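Architecture at a glance
As a plain string of letters, each chain reads:
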Amino acid sequence: MTAAPWLVLGAGALGQLFAARLAAADDIGPIALRGRHGLLNQLRLQETDGSWRSLALASPEAPPALVIVATKAPDAEQALQQAQLAPGTPLLLLQNGFSVQPRLSAQWPGPVLCAATTEAAYRQPPPAIGVVHAAAGHTWLGDLAARHLALAETVAAILTRVGLAASACDDIDEKLWHKLAVNAVINPLTARHRVLNGALAEPQLSAEVAALCAEIAQLMAAAKVPPPAAGWQGWVGAVIEATAGNRSSMLQDVLAGRGTERDAILQPLLALADTHALAVPRLRACYRATPA
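A few points on the structure. (Residues numbered from 1 in each chain as written. Predicted model: local features only at pLDDT ≥ 70, side-chain atom pairs only at ≥ 80, totals over all residues. Heavy atoms only, no water.)

Another aspect to go through is helix 4 (residues 149-161). Because an α-helix packs 3.6 residues into every turn, residues spaced three or four apart end up facing the same way. The end-to-end C-alpha separation of helix 4 is 18 Å, in line with the 18 Å expected for 13 residues at 1.5 Å each. Looking at helix 4, one finds that the buried residues are Leu151, Ala152, Val155, Ala156, Ile158 and Leu159. Around the axis of helix 4, the buried residues are gathered within 165° of arc, so they sit on the same side. Trailing helix 4 by a residue or two, Gly163 shows a phi angle of about 100°, which is positive. (Helix = DSSP H or I, 4+ residues; strand = E, 2+ residues; numbered from the N terminus. Expected span 1.5 Å × (residues − 1). Buried < 20%, exposed > 50% of the residue type's maximum accessible area, 1.4 Å probe, protein only. Arc of directions from axis to C-beta.)

The next point concerns the sheet that holds strand 10 (residues 131-135). Taking strand neighbours across the sheet as the criterion, the 4 strands line up as 5-4-10-9 in an open arrangement whose pairing is mixed. Both outer strands of the open sheet, strand 5 (52-56) and strand 9 (120-123), are each paired with one neighbouring strand and no more. The sheet shows a mean angle of 30° between the axes of neighbouring strands, taken without regard to direction. Sheet analysis places strand 4 (residues 42-46) next to strand 5, joined by 5 bridges and oriented antiparallel. If you follow Leu45 over to strand 5, its bridge partner there is Arg53. (Pairing = 2+ DSSP bridges. Axes fitted to C-alpha atoms, helices over the stretch in contact; angles between N-to-C directions.)

Any two side chains of opposite charge can pair, so long as their charged atoms come close to each other. This model, assessed by the stated rule, comprises 11 salt bridges. Close ionic contact of Glu208 with Arg192 constitutes a salt bridge, the shortest N to O distance being 3.2 Å. Here Glu208 is found in helix 6 (residues 203-222), whereas its partner Arg192 is found in helix 5 (residues 172-193), with 16 residues between them in sequence. By relative accessible area, Arg192 is classed as partly exposed at 34%. One network of salt bridges, in which partners are shared, links Arg21, Glu47 and Arg53. (Salt bridge = Lys/Arg side-chain N within 4 Å of Asp/Glu carboxyl O.)

Our focus in this paragraph is the environment of Ala230. By secondary structure assignment, the location of Ala230 is in the loop between helix 6 and helix 7 (231-242). Its relative accessible area of 55% is what places Ala230 among the exposed residues. Note: C-alpha distance between Ala230 and Leu113 (117 residues apart in sequence) is 26 Å.

The next point concerns unusual backbone geometry. In this structure, Lys224 is a non-glycine residue whose phi angle is positive, near 60°. Along the chain, Lys224 turns up in the loop between helix 6 and helix 7. Given the relative accessible area of 72%, Lys224 is considered exposed. Although it is not a glycine, Ala277 sits at a positive phi angle of roughly 55°. The residue Ala277 is located in the loop between helix 9 (262-275) and helix 10 (281-289) in this model.

What follows is about the sheet that holds strand 7 (residues 91-93). The strand order across the open sheet built from 8 strands is 3-2-1-6-7-8-11-12, with neighbouring strands paired in mixed fashion. Each edge of the open sheet is held by one strand with a lone partner, namely strand 3 (38-40) and strand 12 (166-168). Between one strand and the next, the sheet's axes are offset by a mean angle of 25°, whatever the strand orientation. As paired elements, strand 7 and strand 8 (residues 112-117) share 3 bridges and run parallel to each other. Residue pairing for strand 8: Leu92 is matched across the bridge by Leu113. Here helix 3 (residues 100-107) sits on the sheet in contact with strand 7 and strand 8, set at roughly 160° to strand 8. (Contact = heavy atoms within 4.5 Å.)

Dropping the structure here:
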């Protein structure tokens with residue numbers, strides 16, 4: 001699958017990061033990136049060491065071997081319709097939350113891999129142009145039905161080779177819940193207080209983090225989602241520390257005056273609370289205080 005082009009849909013921070021890393025390799029095939037206004041022909045990427053590089057992108061002349069869907073969760077299905085892909089084209093979904101993944105996994109006529117990633121990146125605000133790789137992380141790949149592990153292993157090996165550490169797993173649903181817990185704490189709080197991730201470890205905000213983690217732990221226990229090895233608060237705290245200099249995706253949206261992924265990130269947890277009749281006042285207050 002390395003000879004045919006790869007297509008990245010969505011030119012947000014993660015879409016640009018993945019496209020740039022893949023474009024820097026010389027043995028994968030052409031890499032195309034489609035944003036809201038069409039194909040991009042080049043990218044600027046700031047590496048974690050602070051250095052900048054410019055990378056050329058392609059206009060694919062053949063059907064893509066893989067499509068990485070890096071749009072916001074509410075935009076994923078429309079982006080796929082506009083791309084007019086051949087039936088059976090494999091997808092890799094990078095969306096936050098846990099809503100579009102089950103729907104596309106059930107409806108798409110081809111393999112659908114889901115990803116949970118802790119890679120941290122943000123776009124520079126205008127007039128600057130480029131994406132900043134704020135912190136290296138890890139990406140877990142798998143499909144909800146556990147039928148395409150071989151494809152997940154192939155894609156994970158390629159991502160790892162281009163500098164995005166990745167591994168295939170047969171419990172991607174669990175990994176998606178773990179990532180959702182992180183997003184549900186970091187994104188709304190950083191957006192509301194307009195701070196970088198690392199500020200959430202400071203005393204004035206750490207109590208809010210702990211309160212949200214406690215409610216999330218209660219919800220996950222009711223849903224029988226196993227906790228991370230470090231526990232829910234330990235897991236969230238580790239991600240805050242590792243991505244201290246990052247601007248969360250929701251903070252980027254608020255600063256740019258765009259709509260946020262409030263519903264995609266927080267609604268699945270509120271739905272769990274309704275299902276199990278659990279009181280989650282902090283999460284509900286967080287939902288109300290977060291711009292839509």
